[in-house]
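Chains, contacts and geometry: an overview
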Amino acid sequence: MLQKYQLTFSLVFCFLLIHPLTGFAVEEFKASEYGKGEQIWFEAEAFDERDPEEAYKLGKGEKAVDPADGAFGDIVTNAGGEGWILYRFDISRAGGKSGEWRFIGRLINPSNHSDWLWVLGDDGDDIPKAKPAFARPADIIFEENVPAWTWMRTGDFGQDAGTINKLQDGENVMIIWWRQSSLQVQYDVFCWSSDLEYEPTDEDYEKAEAKTLPVEPDGLLTTTWGRLKQ
């Protein structure tokens, strides 16, 4: 019996060497085909990584600020100035392909405290280890006075600015870098749309199709172990 379990463990270990586990943050998202294109939606709290000082924090989950009434779940806010927050998302899961997409955020921002947006491929071929050299207006997002929940489509007072970017087939990486945002800013839901003229609504988000990643990494070991035992 002991030899059987030793053999099983060895087989599982070999399998894991061949198929390394990968962790994902944006595991739950929504997809839609509104207007003349595709959209992928994910909530701001579903981030992959953030700076070591954790400047960007969860509103309720980390007690940074109470989410405003009407938020979809928790929110993300800036509680520490300089910092960044990173998201990975796969546009192929929404049927999307490479090309120009618009970045849209559902947010509250009463004092136009904007941030910078960096996108892998469009702004550089490697994820930066230090803050890139951003330029106004090209890289600004959400420089608008927004006192109540709004789906914000523009970057610098009505200009597209940093909101239109070229995305790659499959997985993409975006990083929000601090510029001015503070506890006044609440990020709720993010949307990328291949229809650059599309204007989201709360109802659109609610009706969008809920999706998950095709493989759940946390369940892979359990599944493999069960199969090998048989």
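A brief structural summary. (Residues numbered from 1 in each chain as written. Predicted model: local features only at pLDDT ≥ 70, side-chain atom pairs only at ≥ 80, totals over all residues. Heavy atoms only, no water.)

1. Comments concerning the overall build of the protein
The criterion, for reference: Here a strand is any run of E in DSSP of at least two residues, a helix any run of H or I of at least four, and the numbering for each starts at the N terminus. Note on exposure labels: buried denotes an accessible area under 20% of the residue type's maximum, exposed denotes more than 50%, and partly exposed covers the range between, all computed with a 1.4 Å probe on protein chains only. Residues are treated as being in contact if the distance between any of their heavy atoms lies within 4.5 Å. Note on areas: Shrake-Rupley with a 1.4 Å probe; residue coverage comes only from the protein chains shown.
For the protein, the count of helices and strands is three helices and 14 strands. For the protein, the residues scored as buried account for 46% of the 230 residues in total. Considering only residue pairs separated by 6 or more positions, the protein has 78% of its internal contacts joining residues 24 or more positions apart. Accessible surface, the protein: about 11900 Å² in total, of which carbon and sulfur atoms supply 51%.

2. Focus: the nonpolar core
Short version of the rule: Nine residue types can take part in a nonpolar core, namely buried Ala, Val, Leu, Ile, Met, Phe, Trp, Tyr and Cys, and a core is a set of them joined through side-chain atoms within 4.5 Å.
Residues Tyr87, Met174, Tyr187 and Trp192 are the most contacted members of the largest nonpolar core, which totals 31 residues. Ignoring anything within four residues of it in the chain, the contact list for tyrosine 187 reads Ala44, Tyr56, Ile75, Val76, Arg106, Leu107, Asp115 and Phe142.

3. Digging into the side chain of aspartate 139
Stated precisely, the cut-off is as follows: His is not counted, nor are the chain ends; Lys and Arg add positive charge and Asp and Glu add negative charge. Salt-bridge detection follows one rule: a side-chain nitrogen of Lys or Arg within 4 Å of a carboxyl oxygen of Asp or Glu.
Residue position: aspartate 139 is located in the loop between strand 8 (115–119) and strand 9 (140–141). Buried aspartate 139, no salt bridge; nearest opposite-charge side chain is arginine 179, N-O distance 9.3 Å. Contact partners of aspartate 139, with chain neighbours within four places excluded, come to Asp115, Trp116, Leu117, Asp123, Phe134 and Gly162.

4. Some words on the packing of aromatic side chains
Think of a pair of aromatic rings as described by two things: how far the centres are apart, and how the planes are tilted against each other in angle. Applicable threshold: Working definition: a ring pair exists when centres of Phe, Tyr or Trp rings (six-membered ring for Trp) sit within 6.5 Å. Plane angles under 30 degrees give stacked, over 60 give edge-to-face, the rest tilted.
In this structure the tally under the stated criterion is 20 aromatic pairs. For the pair tryptophan 41 and tyrosine 198, a centre-to-centre distance of 6.3 Å together with 90 degrees between the ring planes defines the contact as edge-to-face. Here tryptophan 41 is found in strand 2 (residues 39–43), whereas its partner tyrosine 198 is found in the loop between strand 13 (186–193) and helix 2 (202–207), with 157 residues between them in sequence. Using a relative accessible area of 0% as the deciding quantity, one classes tryptophan 41 as buried. Between phenylalanine 89 and tryptophan 192, the ring centres sit 5.5 Å apart and the planes meet at 15 degrees, which makes this aromatic pair stacked. Here phenylalanine 89 is found in strand 6 (residues 84–90), whereas its partner tryptophan 192 is found in strand 13, with 103 residues between them in sequence. Each member of the pair, phenylalanine 89 as well as tryptophan 192, carries the same accessibility label: buried.

5. Here's the deal with the sheet that holds strand 9
Basically, it comes down to this: Being paired, for any two strands, means DSSP has found at least two bridges between them.
As summarised here, the arrangement of the five strands in space is 3-6-12-8-9, forming an open sheet in which the pairing is antiparallel. Here the strands that pair on one side only, and so sit at the sheet edges, are strand 3 (49–50) and strand 9. Relative to strand 6, strand 3 is paired through two bridges, and the arrangement is antiparallel. Within the sheet, the bridge partner assigned to glutamate 49 lies in strand 6 and is leucine 86.

6. Considerations on the pattern of salt bridges
Summed over the entire model, instances satisfying the criterion amount to 14 salt bridges. With its nearest N and O atoms 2.9 Å apart, the salt bridge here joins aspartate 156 to arginine 136. On the criterion of sequence distance, the pair formed by aspartate 156 in the loop between strand 10 (146–152) and strand 11 (164–167) and arginine 136 in the loop between strand 8 and strand 9 is long-range, its members being 20 residues apart. When its relative accessible area of 6% is taken as the criterion, aspartate 156 is described as buried. Here the residues in one salt-bridge network are Arg50, Glu54, Lys57 and Glu62, joined through shared partners.

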